[in-house]
Amino acid sequence: MMIDINRGNRFIHLTSTSSKPRALADYVAKHPKGGPNHPNAKLEWKLGDVVTTVIKCNNGETIILSHDTNAPRPYSLGFRVQGTKGIWMDVNKSLYIEGTSPKAHAWEKADDYLTKYDHPLWKRYESDAQGAGHGGMDFFVLNSFIECVKRNAPAQIDVYDAASWLAITPLSEASIATGSSAQSFPDFTRGRWMKKKNDFATGEF
């Protein structure tokens, strides 16, 4: 939604690269109920510990996805948004804005910015969203869908979005199987992405 996918923009192609699979076998071998002789410790796992996917968009943006669910690490969605004016990173809870941040090329805490520029819907429903999953995002997505159903209105996240997102997995598998070759996304909207407007999170619940 940040870059208007299926609403004036779309995924064009992706490339995926997989690391070697070691973490799952290591986990089984070291688990109290497992061990090096456990049948699952000898499986030849296909899923690499880290799969890195780069998606090219029609309007020139790139999206980097990191699928990292097997290796031990603290939980983090690892969000990062970067553009011509600066960068925000979820992992270090910091940002840098060119010409605004007090020190050149130095991180500053994002808290004040996130509070000042928080979306009105989040400010209104923050207490309801806490604990709803994925940092509260699930509350807004599910409630948006329910309200659209109640009002007989088009869903703000629709079947074309679902198809575009779900296509990433088989296209990523195909890319890895063919030496990280580029795989084209189908245009599930048949051109309608060029005219649809982005109305996600613009209204009231």
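In short, a report on the structure. (Residues numbered from 1 in each chain as written. Predicted model: local features only at pLDDT ≥ 70, side-chain atom pairs only at ≥ 80, totals over all residues. Heavy atoms only, no water.)

Spatial ordering of the open sheet is given by E4-E5-E6-E7, a layout of four strands whose pairing is antiparallel. Only two strands of the sheet have a single partner each, and these edge strands are strand E4 (80–83) and strand E7 (108–109). Where strand E5 (residues 86–89) meets strand E6 (residues 94–97), four bridges bridge the pair, whose relative direction is antiparallel. Looking at E6, one finds that Trp88 is bridged to Leu95. (Pairing = 2+ DSSP bridges. Helix = DSSP H or I, 4+ residues; strand = E, 2+ residues; numbered from the N terminus.)

It is worth spelling out the environment of Pro170 at this point. Its place among the elements puts Pro170 in helix H6 (residues 168–177). In sequence terms Pro170 and Ala201 are 31 residues apart; their C-alpha atoms lie 29 Å from each other.

Here we come to the nonpolar core. Within soluble globular proteins, side chains that are nonpolar generally end up buried alongside one another. Core analysis: the biggest nonpolar cluster contains nine residues, these being Ile5, Phe11, Leu14, Ile55, Cys57, Ala167, Ile168, Leu171 and Phe185. When neighbours within four sequence positions are excluded, Ile55 is seen to be in contact with Phe11, His13, Leu14, Glu61, Thr62, Ile63, Leu65, Ile168 and Phe185. Within the second largest apolar cluster, five residues are counted, among which are Tyr125, Ala129, Phe139 and Phe140. (Core = buried A, V, L, I, M, F, W, Y, C linked by side-chain atoms within 4.5 Å. Buried < 20%, exposed > 50% of the residue type's maximum accessible area, 1.4 Å probe, protein only. Contact = heavy atoms within 4.5 Å.)

Attention now moves to unusual backbone geometry. One non-glycine residue, Asn6, adopts positive backbone phi at about 65°. Non-glycine residue Lys93 carries a positive phi angle of around 55°. In this fold, Lys93 is placed in the loop between E5 and E6. A relative accessible area of 46% places Lys93 in the partly exposed class.

Attention shifts here to the pairing of strand E1 (residues 11–18). Bridge analysis of E1 against strand E2 (residues 51–57) gives seven bridges, and the strand direction is antiparallel. Its bridge partner being in E2, Thr15 is matched across the sheet by Val54. Judged from the two bridges that link them, E1 and strand E8 (residues 183–184) form a sheet pairing that is antiparallel. For Leu14, the partnering residue across the bridge sits in E8 and is Gln183.

Once that is clear, we can look at the pattern of salt bridges. Applying the stated rule across the entire model yields seven salt bridges. One salt bridge connects Glu147 with Arg151, and the closest N-O pair in it is separated by 3.4 Å. Of the residues examined, Glu147 reaches a relative accessible area of 16% and is grouped as buried. In this structure, the salt-bridge partner of Lys196 is Asp158, at a minimum N-O distance of 2.5 Å. Of this pair, Lys196 sits in the segment after E8 while Asp158 sits in the loop between helix H4 (137–150) and helix H5 (159–166), and the two are 38 residues apart along the sequence. With relative accessibility at 19%, the residue Asp158 sits in the buried group. (Salt bridge = Lys/Arg side-chain N within 4 Å of Asp/Glu carboxyl O.)

For the rest of this paragraph, the subject is a nonpolar patch on the surface. Residues Tyr75, Leu77, Phe79 and Met137 make up a contiguous nonpolar surface patch of about 420 Å² in total accessible area. Tracing the sequence through the fold places Tyr75 in the loop between strand E3 (62–67) and E4. (Patch = residues over 30% accessible without salt bridge, like charges linked within 9 Å, V, L, I, M, F, W, Y side chains within 5 Å. Areas by Shrake-Rupley, 256 points an atom, 1.4 Å probe, with all protein chains shown as cover.)

Right, let's talk about the packing of H5 against H6 for a bit. Between H5 and H6, whose axes approach to 5 Å, the crossing angle comes to 25°. By the angle between their axes, H5 is roughly parallel relative to H6. Together, Ser164, Trp165 and Leu166 of H5 and Ile168, Thr169 and Pro170 of H6 make up the contact between the two elements. For the contact of H5 with H6, a count of residues per class yields four nonpolar, two polar and no charged. (Axes fitted to C-alpha atoms, helices over the stretch in contact; angles between N-to-C directions. Parallel < 35°, antiparallel > 145°, perpendicular 65-115°, else oblique. Nonpolar A, V, L, I, M, F, W, Y, C, P; charged D, E, K, R; others polar.)

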